[in-house]
Amino acid sequence: MKYTLPFFLHGKCSERVYQKWLHAKANAHVRRDRKRGNTTAKVGSYKKAIHAAVTASNGVDAYTGLPLKWELISRYDNDAAQAGGRAYKKNFGDLPTVDHVDDGMDAPNFRICSWRVNDAKSDLSLAEFVQLCREVLGHAESKTKRSRQP
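The structure contained in this document is the topic of the report that follows. The model shown is predicted, which means the values in this text are computed figures rather than measured ones.

**Quick look at the overall build of the protein chain**
Argument step 1. Counting its secondary structure elements, the protein chain contains five helices and two strands.
Argument step 2. Order of helices (α) and strands (β) in the protein chain, N terminus to C terminus: α-α-α-β-β-α-α.
Argument step 3. With the C-alpha coordinates of the protein chain rotated into their principal frame, the extents come out at 65 × 35 × 30 Å.
Argument step 4. For the protein chain, the accessible surface area stands at approximately 9500 Å², while carbon and sulfur atoms represent 54% of it.
Argument step 5. Within the protein chain, the 16 negative side-chain charges are centred at a point lying 3 Å from the centre of the 26 positive side-chain charges.

**Section: helix H3 (residues 78–90)**
Argument step 1. Taking 1.5 Å as the rise per residue, H3 with 13 residues should run 18 Å; its terminal C-alpha atoms sit only 13 Å apart, a clear shortfall.
Argument step 2. The largest bend along H3 reaches roughly 125 degrees and is located at Gly 84.
Argument step 3. Backbone nitrogen of Asp 79 and a side-chain oxygen of the N-cap are separated by 2.8 Å at the start of H3; the cap is Asp 77.

**Here we look at the environment of Tyr 18**
Argument step 1. Here Tyr 18 shows up in helix H1 (residues 15–35).
Argument step 2. Sequence-wise, Tyr 18 and Trp 70 are 52 residues apart; in three dimensions their C-alpha atoms are separated by 9.1 Å.

**A look at the nonpolar core**
Argument step 1. Core analysis: the biggest nonpolar cluster contains 29 residues, and Leu 9, Tyr 18, Trp 21, Ile 50, Val 54, Trp 70 and Ile 112 have the highest contact counts within it.
Argument step 2. Elements with a minimum of two residues in this core: H1, helix H2 (43–57), H3 and strand S2 (110–114).
Argument step 3. Here the element with the most residues in this core is H1; it accounts for six residues.
Argument step 4. Not counting residues within four places of it along the chain, the set of residues in contact with Ile 50 comprises Trp 21, Leu 22, Lys 25, Ala 26, Val 98, Phe 110 and Ile 112.

**Examining unusual backbone geometry**
In terms of backbone geometry, most residues other than glycine have negative phi values and most peptide bonds are trans.
Argument step 1. A positive phi angle is found at Ser 74, which is not glycine, with a value near 65 degrees.
Argument step 2. Tracing the sequence through the fold places Ser 74 in the loop between H2 and H3.
Argument step 3. Residue Ser 74 is classed as partly exposed on the basis of its relative accessible area of 38%.
Argument step 4. Here Ser 122, not a glycine, exhibits a phi torsion of approximately 50 degrees, which is positive.
Argument step 5. Structurally, Ser 122 is set in the loop between helix H4 (115–121) and helix H5 (126–148).

**A word on the pairing of strand S1 (residues 96–100)**
Argument step 1. Across the five residues that make up S1, a large majority, five, are buried.
Argument step 2. Where S1 lies against S2, five bridges are found, and the strand directions are antiparallel. Each bridged residue has a counterpart across the sheet, and for Pro 96 the counterpart in S2 is Ser 114.

**Some points on the pattern of salt bridges**
Argument step 1. According to the stated counting rule, one finds five salt bridges in the structure shown.
Argument step 2. In this structure, Asp 123 engages Arg 36 in a salt bridge whose closest nitrogen and oxygen atoms are separated by 3.7 Å. With Asp 123 in the loop between H4 and H5 and Arg 36 in the loop between H1 and H2, this residue pair connects regions lying 87 residues apart in the sequence.
Argument step 3. With relative accessibility at 59%, the residue Asp 123 sits in the exposed group.
Argument step 4. Among the salt bridges present, the one from Asp 94 reaches Arg 116, with a minimum N-O distance of 2.8 Å. Placement of Asp 94 in the loop between H3 and S1 and of Arg 116 in helix H4 is noted, with a sequence separation of 22 residues between them.
Argument step 5. Using a relative accessible area of 45% as the deciding quantity, one classes Arg 116 as partly exposed.

Each value, and the rule that gives it
Residues numbered from 1 in each chain as written. Predicted model: local features only at pLDDT ≥ 70, side-chain atom pairs only at ≥ 80, totals over all residues. Heavy atoms only, no water. Helix = DSSP H or I, 4+ residues; strand = E, 2+ residues; numbered from the N terminus. Areas by Shrake-Rupley, 256 points an atom, 1.4 Å probe, with all protein chains shown as cover. Lys, Arg positive; Asp, Glu negative; His and termini not counted. Charge placed at Lys NZ, Arg CZ, Asp CG, Glu CD. Expected span 1.5 Å × (residues − 1). Bend = angle between axes of the 7 residues up to and from the residue. Polar contact = N/O pair within 3.5 Å; in protein donor to acceptor, adjacent residues only side chain to side chain. Core = buried A, V, L, I, M, F, W, Y, C linked by side-chain atoms within 4.5 Å. Buried < 20%, exposed > 50% of the residue type's maximum accessible area, 1.4 Å probe, protein only. Contact = heavy atoms within 4.5 Å. Pairing = 2+ DSSP bridges. Salt bridge = Lys/Arg side-chain N within 4 Å of Asp/Glu carboxyl O.

This is the structure we're talking about:
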């Protein structure tokens, strides 16, 4: 089954690049979920779920609401990353990626977010991630208040 390029991706990536990215993401998640014990994981159902998540995203990060840089999909270069280190990877912070909504043991359920957010969220549930964000903000605000005091 071929998945049509969502309207908001026109001019940001070609249908061929999107298809390649979709297939690669589905394969990667199926491999990971099978290693974790999900024997029912299939590339076809994962592609369908990822494409649905992309379409539902309207091109923005599911957690921040910020625009994603779809023009970066399938452009990450491991050799360049090794040579460029953190500076290279930082350029890909808004790269769209696929986040598991749950533990990956049932039917595929995904959201689309930036690579940066996905790294921060890691394997946390949404509630755990939101709590972590609140803790980070609370700590940063308390440090700012303390530094302003004479």
